Amino acid sequence: MTDLTSMTIAEAKAGLANKSFTSLELTDAHLAAIEAARSLNAFILETPDQARAMARAIDAKIAKGEGGPLAGIPLGIKDLFATKDVRTTACSKILGNFVPPYESTVTSQLWRDGAVMLGKLNNDEFAMGSSNETSCFGPVVNPWRREGSNTTLVPGGSSGGSASAVAALLCMGATATDTGGSIRQPAAFTATVGVKPTYGRCSRWGIVAFASSLDQAGPIARTTRDAAILMHSMAGHDPKDTTSVDRAVPDYEAAIGKSVKGMKIGIPKEYRLDGMPAEIEKLWSEGAAWLKAAGAELVDVSLPHTKYALPAYYIVAPAEASSNLARYDGVRYGLRVPGRSIGELYENTRAEGFGDEVRRRVMIGTYVLSAGYYDAYYLRAQKVRTLIKKDFEECFAKGVSAILTPATPSAAFGVGEKGGADPVEMYLNDIFTVTVNMAGLPGIAVPAGKDAQGLPLGLQLIGRPFDEETLFSLGEVVEQAAGRFTPPRWW
Ligand code: GLN
């Protein structure tokens, strides 16, 4: 659209501060961009009236010199975040037209700091998926295409709407959530920056729960600096979430441009998969070379339990999901399909309200938690989880500051291309990201290059608990070396 939509958050903050434009102008430019990009299906609810009202109010504050750190910045919100008086569905039919009477802590902190809400973003149903194809609102389209091809590609998932909207310049940044890679994988598929913070860094209060011991909110933005700016507002202790940690929130933006000299960067040999595309391998060594050129020291490390992470994740996550999703019974929220008895009402509602992937997870989860199978599956997966965490702890104990890996085993794939006959084909896309959730660690995905067909590829950096700052410093080095990537506009 106009220049107003292609700025970074950092640039827009400066422009608003020196009165080059107003938040209302910035907001209107984005609302127009959203309208012109409906074919991407990134926004499932546009809230223009609310956006303009918020922008006007913040313009008045800016005029009085009272704007907060995100004053006037238009954002998109993943539909997993409860937004007061604004429909929130987690992209599931079962929530119907649910309108929460409360606001999630993370979004309320964004509004506290002056951000403007443009609308709600598409995602996989209950955040279960890696392609944004399980949403009841239909798939999201990736603004990136293979060179010379019109094939519709997925933006990754589950935060596909967030990634697609940020990449296509429909919003300056977006909220997202990551249970097994849902921030980092879509970021890698769309050349955006995605941060999955340490478990406990952001409050989960008011976010529709998927797997509570793994879920964490984080930002998707176009630059590492913008992601750091958003993180500062999203993070922080919340007494309403007992797993949120009471620790000061550092100035993440100050970490951008900090020297990485002398940092030890681990390269885990277990992430070198058989049959991994040569382009991913090349990207990984290029990333390592950039960090080395910036003064970091590369060390080979071993994370021996990596190969068990994916199977263990696909036991733990469905187990927790089956328990969390028990609340959708047709009585308390959204959809209700009547029956002759209360039992039948539950059954009818859940059969009609949940999509295939969600039903599959509920069944797997119920099975692995059931008497007789609990020890063999759930308990064993929890033990594996401890071992995965230990692998990382041993690595960090040897002085490693962060670990460099590819973000995904492939570039974006076509809509309908994966997982149709075998769901495991889709799950395999999470191979490099789930370990981080299992261990509760922070991770960042940064655009690092393109494949032979012109599609973006990302690198992942994994950090010590609560050391997101190091990830921002290292992410900036990669971004500076790789440059930024914007999809040519065709929609
Ligand atoms: N793709 C993974 C899954 O389907 C992760 C999803 C997520 O992080 N929310 O479970």
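Asks: Please clarify how the nonpolar core should be interpreted in this entry.
Replies: Counting residues in each nonpolar core, the largest one holds 149 residues, and the members touching the most others are Phe-126, Leu-170, Leu-291, Phe-392, Leu-404 and Phe-472. The element contributing the most residues to this core is helix H10 (residues 309-324), with 10 residues.

Asks: Honestly, the pairing of strand S11 (residues 456-463) in this entry has me stumped. Any pointers?
Replies: Sheet faces and side chains relate simply in a regular strand, where the side chains alternate between the two faces. Judged by how many residues are buried, S11 sits mostly within the fold: 8 of 8 residues are covered. Of the two faces of S11, the one carrying Pro-456, Gly-458, Gln-460 and Ile-462 and the one carrying Leu-457, Leu-459, Leu-461 and Gly-463 are both buried. Here strand S9 (residues 402-406) runs beside S11; their pairing, made up of 5 bridges, is antiparallel. Residue pairing across strands places Ala-402 opposite Gly-463, the latter belonging to S11. Where strand S10 (residues 443-450) folds back on S11, the antiparallel hairpin that results is connected by 5 residues, among which Gly-454 adopts a positive phi of roughly 85°.

Asks: How should I be thinking about helix H11 (residues 342-353) in this particular structure?
Replies: Each turn of an α-helix holds 3.6 residues, which means side chains three or four residues apart point in the same direction. With 12 residues, H11 should cover 16 Å at 1.5 Å per step; its first-to-last C-alpha distance of 16 Å lies within 8% of that length. Taken together, the buried positions of H11 are Leu-345, Thr-349, Arg-350 and Gly-353. When H11 is viewed along its axis, its buried side chains cluster within an angular range of 115° and face the same direction. In this structure, the buried residues of H11 make contact with helix H12 (356-369).

Asks: I keep staring at unusual backbone geometry and nothing clicks. Help me out?
Replies: Most peptide bonds adopt trans geometry, and most residues besides glycine take a negative phi value. In this structure, the amide linkage connecting Gly-157 to the following residue, Ser-158, adopts the cis form with an omega of 10°. Examined against the element boundaries, Ser-158 turns out to sit in the loop between strand S3 (116-121) and helix H6 (160-167). Residue Lys-19 is not a glycine yet carries a positive backbone phi of 65°. In the Ramachandran plot, Phe-126 falls in the positive-phi region, its phi being about 50° despite a non-glycine side chain.

Asks: Sorry if this is basic, but what is going on with the site of the ligand here?
Replies: Surrounding the ligand, one finds 15 residues, the nearest of these being Thr-179, Gly-180, Ser-182, Tyr-313 and Arg-361. In the environment of the ligand, an oxygen atom lies 2.9 Å from a nitrogen or oxygen atom belonging to the backbone of Gly-129. The contact in question runs from an oxygen atom of the ligand to an N or O atom on the side chain of Ser-182, over 2.6 Å. Counted by class, the shell around the ligand contains 5 nonpolar, 7 polar and 3 charged residues.

Asks: Help me out: how do you make sense of the state of the cysteines in this one?
Replies: Note on terminology: disulfide describes a covalent bond linking the sulfur atoms of two cysteines. Counting across every chain of the model gives 0 disulfides. Here Cys-91 is not disulfide-linked; the sulfur of Cys-136 is the nearest cysteine sulfur, at 5.9 Å. With no disulfide partner, Cys-171 has as its closest neighbouring cysteine sulfur the one in Cys-91, 14 Å distant. According to the relative accessible area criterion, Cys-171 is buried, its value standing at 0%.

Asks: How do you make sense of a nonpolar patch on the surface when you look at a structure like this?
Replies: A cluster of nonpolar side chains, Val-331, Ile-342 and Tyr-346, forms an exposed patch at the surface whose accessible area comes to about 260 Å². Mapped onto the secondary structure, Val-331 falls in the loop between H10 and H11. For Val-331, a relative accessible area of 42% corresponds to the partly exposed category.

Asks: What am I meant to see in the packing of aromatic side chains here?
Replies: Tallied over the full model, the rule gives 17 aromatic pairs. Residues Tyr-313 and Tyr-314 carry aromatic rings whose centres are separated by 4.7 Å and whose planes lie at 80° to one another, so their mutual orientation is edge-to-face. What makes Tyr-313 buried here is its relative accessible area of 4%. Ring geometry for Tyr-374 against Tyr-378: centres 5.3 Å apart, planes inclined by 45°, an arrangement best described as tilted.

Asks: Sorry, what's going on with the pattern of salt bridges here?
Replies: Once their charged atoms are close, side chains differing in charge can pair, the charge on each being opposite to the other. The full count for this structure, using the stated rule, is 17 salt bridges. We note a salt bridge from Glu-46 to Arg-38, for which the minimum N-O separation is 2.8 Å. Using a relative accessible area of 27% as the deciding quantity, one classes Glu-46 as partly exposed. One salt-bridge network, in which partners are shared between bridges, spans Glu-357, Arg-360 and Arg-361.

Asks: Would you explain the packing of helix H3 (residues 23-36) against helix H4 (residues 48-63) in this entry?
Replies: Packed helix pairs are specified by the crossing angle of their axes together with the interaxial distance, meaning the distance between the axes. Direction vectors running N to C along H3 and H4 enclose 160°, while the axes themselves pass 8 Å from each other. Relative to H4, H3 is oriented roughly antiparallel. The crossing of H3 and H4 is right-handed. Contacts between H3 and H4 involve Ser-23, Leu-24, Thr-27, Asp-28 and Leu-31 from the first element and Pro-48, Ala-51, Arg-52, Ala-55, Arg-56, Ile-58 and Asp-59 from the second.

Asks: What should I look at first to understand the environment of Ala-371 in this one?
Replies: Structurally, Ala-371 is set in the loop between H12 and helix H13 (375-397). Ala-371 sits 88 residues away from Leu-283 along the chain, and the two C-alpha atoms are 46 Å apart.

Asks: What should I look at first to understand helix H16 (residues 468-482) in this one?
Replies: With 15 residues, H16 ought to run about 21 Å at 1.5 Å a step, and its terminal C-alpha atoms sit 21 Å apart, in line with that. Counting buried residues in H16 gives 12 out of 15 residues, a clear majority hidden from the surface. Residues Glu-468, Thr-470, Leu-471, Phe-472, Ser-473, Leu-474, Gly-475, Glu-476, Val-477, Val-478, Glu-479 and Ala-482 constitute the buried set of H16. Just downstream of H16 lies Gly-483, where phi reads positive at about 85°.

Asks: What should I look at first to understand the side chain of Arg-222 in this one?
Replies: Turning to its location among the elements, Arg-222 is positioned in the loop between strand S6 (216-221) and helix H8 (224-234). Buried charged residue Arg-222 carries no salt bridge. Nearest counter-charge: Asp-226, at 5.9 Å. Separated by 2.8 Å, the side chain of Arg-222 and the backbone oxygen of Met-7 make a polar contact. A distance of 3.1 Å separates a polar side-chain atom of Arg-222 from the backbone oxygen of Cys-171. In this view, Arg-222 contacts Thr-5, Ser-6, Met-7, Val-166, Leu-169, Cys-171, Met-172, Val-193 and Arg-484; residues no more than four positions away in its chain are not counted.

About the criteria used
Residues numbered from 1 in each chain as written. Predicted model: local features only at pLDDT ≥ 70, side-chain atom pairs only at ≥ 80, totals over all residues. Heavy atoms only, no water. Core = buried A, V, L, I, M, F, W, Y, C linked by side-chain atoms within 4.5 Å. Buried < 20%, exposed > 50% of the residue type's maximum accessible area, 1.4 Å probe, protein only. Helix = DSSP H or I, 4+ residues; strand = E, 2+ residues; numbered from the N terminus. Pairing = 2+ DSSP bridges. Expected span 1.5 Å × (residues − 1). Arc of directions from axis to C-beta. Contact = heavy atoms within 4.5 Å. Near = heavy atom within 4 Å. Polar contact = N/O pair within 3.5 Å; in protein donor to acceptor, adjacent residues only side chain to side chain. Nonpolar A, V, L, I, M, F, W, Y, C, P; charged D, E, K, R; others polar. Disulfide = S-S within 2.5 Å. Patch = residues over 30% accessible without salt bridge, like charges linked within 9 Å, V, L, I, M, F, W, Y side chains within 5 Å. Areas by Shrake-Rupley, 256 points an atom, 1.4 Å probe, with all protein chains shown as cover. Salt bridge = Lys/Arg side-chain N within 4 Å of Asp/Glu carboxyl O. Phe/Tyr/Trp six-rings, centres within 6.5 Å; stacked < 30°, edge-to-face > 60°. Axes fitted to C-alpha atoms, helices over the stretch in contact; angles between N-to-C directions. Parallel < 35°, antiparallel > 145°, perpendicular 65-115°, else oblique. Left-handed = near helix turned anticlockwise from the far one by under 90°. Lys, Arg positive; Asp, Glu negative; His and termini not counted.

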